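Here's the letter readout for the chains.
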Amino acid sequence: MRFWTLLFTAALTSFGGIGASLAQDVENGRRLSERWCVECHGIGTATSKPSRVIPFSAIAEKPGITSEMIASFLLMPHATMPNMPLSRKDAQDLAAFIMKMRQ
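All residue numbers refer to position in the chain's written sequence, counted from 1. The predicted nature of this model means local features are confined to residues of pLDDT at least 70 and side-chain atom pairs, given and counted, to a pLDDT of 80 or more, with totals for whole chains, interfaces and linings taken over all residues. Remark: hydrogens and water are excluded; side-chain values derive from all non-hydrogen atoms of the structure.

Here we look at the overall build of the protein
Where we set the bar: For helices the rule is a DSSP run of H or I covering at least 4 residues; for strands it is a run of E covering at least 2, with both sets numbered from the N terminus onward. Only protein chains enter the accessibility calculation, which uses a 1.4 Å probe; a residue is then buried when its area is under 20% of its type maximum, exposed when over 50%, and partly exposed in between. In this analysis, two residues are considered to be in contact whenever any of their non-hydrogen atoms come within 4.5 Å of each other. Computed by Shrake-Rupley with a 1.4 Å probe, the accessible areas treat only the displayed protein chains as cover when residues are assessed.
Of regular secondary structure, the protein possesses five helices and zero strands. Helices (α) and strands (β) of the protein occur, in sequence order from the N terminus, as α-α-α-α-α. Relative to its full complement of 103 residues, the protein shows a buried share of 35%. Sequence-distant contacts, at least 24 apart, represent 68% of the contacts inside the protein between residues at least 6 apart. Within the structure as shown, the protein displays about 6,700 Å² of accessible surface, and the carbon and sulfur contribution to it stands at 61%.

What to know about helix 5 (residues 88–99)
In plain terms, the rule: Expected span of a helix: the number of residues minus one, times 1.5 Å.
Here helix 5 contains 12 residues, and its C-alpha end-to-end distance of 16 Å stays within 8% of the 16 Å for a straight helix at 1.5 Å per residue. Among the residues of helix 5, those classed as buried are Ala91, Gln92, Asp93, Leu94, Ala95, Ala96, Phe97, Ile98 and Met99. Those residues of helix 5 that are buried are in contact with helix 2 (26–36), helix 3 (56–61) and helix 4 (67–75).

Points about the environment of Pro82
Tracing the chain through its elements places Pro82 in the loop between helix 4 and helix 5. Taking the C-alpha atoms as reference, Pro82 lies 8.8 Å from Trp36; in sequence the two are 46 residues apart.

Some points on the confidence of the model for the protein
Using the following cut-off: A residue's pLDDT is simply how confident the predictor is in it, with values from 0 to 100.
Scored by pLDDT, the protein has a mean of 78; 70% of the residues are at 70 or more. Within the protein, helix 1 (residues 2–15) has the poorest average pLDDT of any element, 50, and helix 5 the best, 96. Every residue in residues 11–22 scores below 50 in pLDDT, and together they form 14 contacts with partners more than four places removed in sequence or on other chains.

A closer look at the environment of Ile54
Looking at where Ile54 falls in the secondary structure, it is placed in the loop between helix 2 and helix 3. For the pair Ile54 and Cys40, spaced 14 residues apart in sequence, the C-alpha to C-alpha distance is 8.6 Å. Those residues in contact with Ile54 that lie beyond four places of it in its chain are His41, Ile59 and Lys62.

Right under this line is the structure:
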């Protein structure tokens, strides 16, 4: 599954499927994370319940990770996360918010 995710992300990045053509809105990304993600992911602080879910800051620190990769991942269905009705713009904004946590 990871192989296909990376392959799909590389294809989108190469062909401009999810590019930087639209400005990313970090504040909108923060609002989206508070609505959809805070229950499981650490968003600046510890999670509200014990979890093995990776915090956003750890996602941002992964070697080679880009905002485009995160946005692509968010738009693909996967078993471990709920199906969120995100537009491409919302996925880009959420990815920008996550990447802002890189230290």
